[in-house]
Amino acid sequence: MKRRNFEKTLSALILCFAMLFGLLSVSASAYNKEFVSETHDVFKSTSATLAPGVEQYINYAYAKDGNQMVYYVTVADISRDDVVVQTSYKDQYRNRVLGMSKLTEQVASANEYYSDPASPQFISEYYNVVAGVNASFYNMTTGQPMGVTFIDGVSFGTSSYDNFFAVLKDGKTAVIDYSKNLGKYVDENGESTIWQAAAGSQWLVRDGKDVTASASGSYNTQRHSRTCVGIPAEGKVVFMVLDGRQEPFSCGGSMHELAQIMLEAGCVAAVNLDGGGSTTYASRPEGSDKIEIINRPSDGSERSISSG
C-alpha cells in the first residue's frame, strides 16, 4: 500500500469490531433540517469537534409513538490526510489470533501499534484514536468476524452476510457493496484494493432511498440497540450508535427507524452492523486525552467484542 504523508495531529477513527471508520451534506447538527422523518422528531442536538475533520453529535428524539430515542453520530472527513477510518480487533490482529476484547482495549492497542516506528503498520507518532464503534457480527465463542472483514489489507472474515462496508487502500474512498461484488475491488496484479472492511446485514439506505420496506422478521422490525455505518457525499463516513432496551431513556430502533436516522444524516448508502449488547460508542471528549464510553451499552457495561 502506498503510504500517505500525515499531518502532525493525525486523528484516527476505529470501527470496533473492531473498526475505526454524499449527495446530501451533513448539517451543523448532524441532521438535515429539511428532511422530514417518517419515524421520529429530533428535539435536542449537541455537537462537538473531536479533532479537525471529526465531528460528534448526540441527538435526542421522540419516536412517533412518543418513546424517546438517544443516538450518537460521528462524521469523519476521510478526504483529509490527517483523518483515517480503520478496523480494530484484539491486539489489532497482529499475531493472526482470533479473540475478543473491549472496544477501549482495542483503541489502546491501535494507538500503540500505529504510533510505534518499529511497527510494520506504522502510520505516525501522532496517531491518536478519537472515536470508535463496534462493527462486525461474530462468533461469540471464538471472536471470528462473520462476513467480509479486512484489517490493514488482511482478510480474515467468513462468507456469512451479503453486504459490507470498506475503505479502499487509497484511504479516501469508502464503499458499501454486496459481497458478491468483491471481484470489483482487485488491482491489475490481482490483489485486493480493500484496506479496511466490516460486514453488515441489512441495507438501510441505497441510492439515497430507504430500502427497509422488505426487512422482515423480529430482528429487523423490533426495536433494539443498534450500530450502523453510512456514506454521505464529500468523502465522509458516518457512524451511528442508537441506545436501546432502556426505556424511558432510549427505546432503540427498527431497521426502518435506523434508515430514517441515516437519511437524516445525509447518507446516500448505509448498512446495519452488529447491535444489541455489542452496541458501543467511545470517544475522546473535547479537552480530554482519554477515550471514554459515551453511550449506554444495554448489558449495563462494555462488552468484549470482535471487530470495531
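Up top is the structure.
All figures in this text were calculated on a predicted structure; none of them were measured in a lab. (Residues numbered from 1 in each chain as written. Predicted model: local features only at pLDDT ≥ 70, side-chain atom pairs only at ≥ 80, totals over all residues. Heavy atoms only, no water.)

Draft legend 1. The arrangement of the overall build of the chain in detail. From N to C terminus, the chain includes 3 helices and 21 strands. Out of the 308 residues in the chain, the part that is buried amounts to 57%. In the structure as shown, the chain presents an accessible area of about 12,300 Å², 46% of it carried by carbon and sulfur atoms. (Helix = DSSP H or I, 4+ residues; strand = E, 2+ residues; numbered from the N terminus. Buried < 20%, exposed > 50% of the residue type's maximum accessible area, 1.4 Å probe, protein only. Areas by Shrake-Rupley, 256 points an atom, 1.4 Å probe, with all protein chains shown as cover.)

Draft legend 2. The pairing of strand S12 (residues 174-178), seen in detail. Within S12, 4 of the 5 residues are buried, leaving the element largely enclosed by the surrounding structure. Sheet analysis places strand S11 (residues 163-168) next to S12, joined by 5 bridges and oriented antiparallel. Bridge pairing in S12 places Ala-166 opposite Val-175. Hairpin geometry of S11 and S12 is characterised by an intervening segment of 5 residues between the two adjacent antiparallel strands and by a positive phi of about 75° at Gly-171. (Pairing = 2+ DSSP bridges.)

Draft legend 3. Structural context of helix H1 (residues 103-114). Counted at 1.5 Å a residue, the expected span for H1 with its 12 residues is 16 Å, and the 16 Å between its end C-alpha atoms agrees. Looking at H1, one finds that the buried residues are Leu-103, Gln-106, Val-107, Ser-109, Ala-110, Asn-111, Tyr-113 and Tyr-114. (Expected span 1.5 Å × (residues − 1).)

Draft legend 4. The sheet that holds strand S17 (residues 236-242), seen in detail. Read across the sheet, 8 strands follow the order S3-S4-S5-S17-S16-S18-S14-S15 without closing on themselves; strand pairing throughout is antiparallel. Looking at strand neighbours, the two that pair on one side only are strand S3 (40-51) and strand S15 (209-210), the edges of this open sheet. Relative to S17, strand S16 (residues 226-231) runs antiparallel, the two being bridged by 5 bridges. Across the sheet, residue Gly-230 finds its bridge partner in S17, namely Val-238.

Draft legend 5. The arrangement of the pattern of salt bridges in detail. Applying the stated criterion across every chain, the model contains 8 salt bridges. In this structure, Glu-257 and Arg-223 form a salt bridge, with 2.8 Å as the shortest nitrogen-oxygen distance. With a gap of 34 residues between them, Glu-257 in helix H3 (residues 255-264) and Arg-223 in the loop between helix H2 (218-221) and S16 connect regions that are remote in the sequence. Among the residues examined, Glu-257 registers a relative accessible area of 7% and is labelled buried. On the basis of relative accessible area, Arg-223 is assigned to the partly exposed category, the value being 24%. (Salt bridge = Lys/Arg side-chain N within 4 Å of Asp/Glu carboxyl O.)

Draft legend 6. Geometry of the packing of aromatic side chains. One pass over the full model with this rule turns up 13 aromatic pairs. Here Tyr-93 and Phe-156 contribute two aromatic rings whose centre-to-centre distance is 4.0 Å and whose plane-to-plane angle is 15°, an arrangement assigned as stacked. Pair noted here: Tyr-93 is in the loop between strand S6 (83-87) and strand S7 (101-102) and Phe-156 is in the loop between strand S10 (154-155) and S11, with a separation of 63 residues, a long-range link. Members of the aromatic cluster, joined through ring pairs, are Phe-43, Tyr-60 and Tyr-62. One residue, Arg-206, lies across the ring of Trp-203, its end atom 5.0 Å from the ring centre. The lysine or arginine in question, Arg-226, covers the ring of Tyr-219, its NZ or CZ lying 4.8 Å from the ring centre. (Phe/Tyr/Trp six-rings, centres within 6.5 Å; stacked < 30°, edge-to-face > 60°. Lys NZ or Arg CZ within 6 Å of the ring centre and 35° of its normal.)

Draft legend 7. Spotlight on the environment of Gly-308. In this fold, Gly-308 is placed in the segment after strand S21 (304-305). For Gly-308, a relative accessible area of 0% translates into the label buried.

Draft legend 8. Quick peek at unusual backbone geometry. Residue Pro-248 is reached from Glu-247 by a cis peptide bond, and omega for that bond is 10°. Despite not being glycine, Arg-96 shows a phi value in the positive range, around 60°. Looking at the element boundaries, Arg-96 is found in the loop between S6 and S7. In this model, Arg-245 sits at a positive phi of 60°, which is unusual for a non-glycine residue. Looking at the secondary structure, you find Arg-245 in the loop between S17 and H3.

Draft legend 9. A look at the state of the cysteines. Here the structure, examined in full by the defined rule, presents 0 disulfides. A disulfide-free cysteine, Cys-228 has its sulfur positioned 7.7 Å from the sulfur of Cys-267, the nearest such atom. (Disulfide = S-S within 2.5 Å.)

Draft legend 10. Focus on the environment of Ser-160. Along the chain, Ser-160 turns up in the loop between S10 and S11. With relative accessibility at 30%, the residue Ser-160 sits in the partly exposed group. Taking the C-alpha atoms as reference, Ser-160 lies 9.7 Å from Gly-200; in sequence the two are 40 residues apart. Contact partners of Ser-160, with chain neighbours within four places excluded, come to Met-146, Gly-147 and Val-148. (Contact = heavy atoms within 4.5 Å.)

Draft legend 11. Representation of the side chain of Thr-280. Residue position: Thr-280 is located in the loop between strand S18 (269-272) and strand S19 (281-283). Thr-280 gets classed as buried once you look at its relative accessible area, which sits at 1%. Here the side chain of Thr-280 touches Ser-278 through a polar contact of 2.8 Å, landing on its backbone oxygen. (Polar contact = N/O pair within 3.5 Å; in protein donor to acceptor, adjacent residues only side chain to side chain.)

Read these as layout, nothing more, since geometry by itself doesn't imply function.
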